[in-house]
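Listed here are the chains, written in short residue letters.
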Amino acid sequence: MDKINWKLIQALESNGRLSFAELGKLVHLSAPAVAERVKKLEEQGVITGYGARINLEKVGIPITALVECEVHRAKERDFKNLVLSLDEVVDCYNVTGASAFIVKVAVASMSTLDILLERLIDMSDTKTMMILSHPIKRELPLNAREASHY
């Protein structure tokens, strides 16, 4: 991964709607050259998709929380299936430690969160943390180019 590709993916992470011409100005290449680089990054699986970032509060879903789930013995498959079926789940991480999963949920009300937690406790012990704010939103760490050399 060269310096130009790093600049391209950092720019696209900030704004996935940049045109190839705008990207070209950032990296001092023509639009067709940038298009070819971006296409290769997509084919290699470096760029996995593009999408809009949604302000959940503005669409009526003001509550987000992280739920640590310590899944009961032999219930992991059932737990995964349940989590996949819940519309309120926006992210799920399988992690090390006592809590095998951390689930990020977004709900319209505290009563909806309570109902969701009741469904999870049949298969896991839970600990819920309300998200107050999200001061950093990025996929790529700022020092990713340097870290990739190790």
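Remember, it's a predicted structure, so these values are computed and weren't measured experimentally.

Chemist: Could you clarify how one ought to interpret helix H4 (residues 76-85) in this entry?
Modeler: Residues spaced three or four apart along an α-helix face the same direction, because each turn holds 3.6 residues. The complete set of buried residues in H4 reads Phe 79, Leu 82 and Val 83. Buried residues of H4, viewed axially, fall in a sector of 95°; they line one side. Opposite the packed face of H4, turned more than 90 degrees from it, sit the exposed residues Arg 77 and Leu 84. Along its buried surface, H4 packs onto strand S1 (63-71), strand S2 (89-94), strand S3 (101-107), helix H5 (110-120) and strand S4 (124-130).

Chemist: Is there a simple way to think about a nonpolar patch on the surface in this case?
Modeler: Together, Met 110, Met 130 and Leu 132 line one region of the surface with nonpolar side chains, adding up to about 370 Å² of accessible area. Along the polypeptide, Met 110 turns up in helix H5.

Chemist: Explain the confidence of the model for the protein chain to me, please; I cannot follow it from the model alone.
Modeler: Atomic detail in the predicted coordinates should be set aside for any region of low pLDDT. Chain-level pLDDT for the protein chain is 92 on average; 95% of the residues reach the 70-or-more range. Confidence, read as mean pLDDT per element, is least for helix H6 (residues 144-147) in the protein chain (60) and greatest for S3 (98).

Chemist: How should I be thinking about the nonpolar core in this particular structure?
Modeler: Nonpolar side chains in soluble globular proteins tend to be buried together. By size, the foremost hydrophobic cluster in this structure holds 20 residues, and its most contacted members are Cys 69, Phe 79, Val 103, Val 105 and Leu 120. Those elements giving two or more residues to this core turn out to be S1, H4, S3 and H5. If one sorts the elements of this core by residue count, S1 sits on top with 5 residues. Those residues within four positions of Val 105 in sequence are excluded, and the remaining contacts are Ile 63, Thr 64, Ala 65, Val 67, Glu 88, Val 89, Val 90, Leu 113 and Leu 116. The next biggest cluster of nonpolar side chains, apart from the first, holds 12 residues, and it includes Trp 6, Ala 11, Leu 12 and Leu 41.

Chemist: What is the right way to read the pairing of S2 from this model?
Modeler: Here is the key point about a regular strand: its side chains alternate between the two faces of the sheet. Bridge count between S2 and S3: 5 bridges; the pairing is antiparallel. What sits directly across from Tyr 93, in S3, is Ile 102. Where S2 hands over to S3, the hairpin turn is made up of 6 residues, of which Gly 97 adopts a positive phi near 105°.

Chemist: Could you clarify how one ought to interpret helix H1 (residues 3-14) in this entry?
Modeler: With 12 residues, H1 should reach 16 Å at 1.5 Å per residue; the first-to-last C-alpha distance of 17 Å fits that figure. Those residues of H1 lying buried are Asn 5, Trp 6, Leu 8, Ile 9, Ala 11, Leu 12 and Glu 13. For H1, the N-terminal cap is Asp 2; the gap from its side-chain oxygen to the backbone nitrogen of Ile 4 is 3.3 Å.

Chemist: Would you take a moment to explain the sheet that holds S2 for this structure?
Modeler: Strand pairs in the sheet, formed through backbone hydrogen bonds, run parallel or antiparallel to each other. The strand order across the open sheet formed by 4 strands is S2-S3-S1-S4, and the pairing between neighbours is antiparallel. With partners counted over all chains shown, the strands left at the sheet margins are S2 and S4, one partner each. Each strand of the sheet is rotated relative to its neighbour by a mean of 20°, with strand direction disregarded. Those strands touched by H5 are S1, S3 and S4, and its axis lies near 155° from that of S4.

Chemist: Before we go on, may I ask you to explain the pattern of salt bridges in this structure?
Modeler: Side-chain pairs of opposite charge can arise whenever the charged atoms involved come near each other. Enumeration over the complete set of coordinates arrives at 3 salt bridges. Measuring nitrogen to oxygen at the nearest pair gives 3.1 Å for the salt bridge that ties Arg 37 to Asp 2. Of the two residues, Arg 37 sits in helix H3 (residues 31-43) while Asp 2 sits in the segment before H1, which places them 35 residues apart along the sequence. On the accessibility criterion, Asp 2 (33% relative accessible area) is partly exposed.

What counts, and at which threshold
- Residues numbered from 1 in each chain as written.
- Predicted model: local features only at pLDDT ≥ 70, side-chain atom pairs only at ≥ 80, totals over all residues.
- Heavy atoms only, no water.
- Buried < 20%, exposed > 50% of the residue type's maximum accessible area, 1.4 Å probe, protein only.
- Helix = DSSP H or I, 4+ residues; strand = E, 2+ residues; numbered from the N terminus.
- Arc of directions from axis to C-beta.
- Contact = heavy atoms within 4.5 Å.
- Patch = residues over 30% accessible without salt bridge, like charges linked within 9 Å, V, L, I, M, F, W, Y side chains within 5 Å.
- Areas by Shrake-Rupley, 256 points an atom, 1.4 Å probe, with all protein chains shown as cover.
- Salt bridge = Lys/Arg side-chain N within 4 Å of Asp/Glu carboxyl O.
- pLDDT = per-residue confidence, 0-100.
- Core = buried A, V, L, I, M, F, W, Y, C linked by side-chain atoms within 4.5 Å.
- Pairing = 2+ DSSP bridges.
- Expected span 1.5 Å × (residues − 1).
- Polar contact = N/O pair within 3.5 Å; in protein donor to acceptor, adjacent residues only side chain to side chain.
- Axes fitted to C-alpha atoms, helices over the stretch in contact; angles between N-to-C directions.

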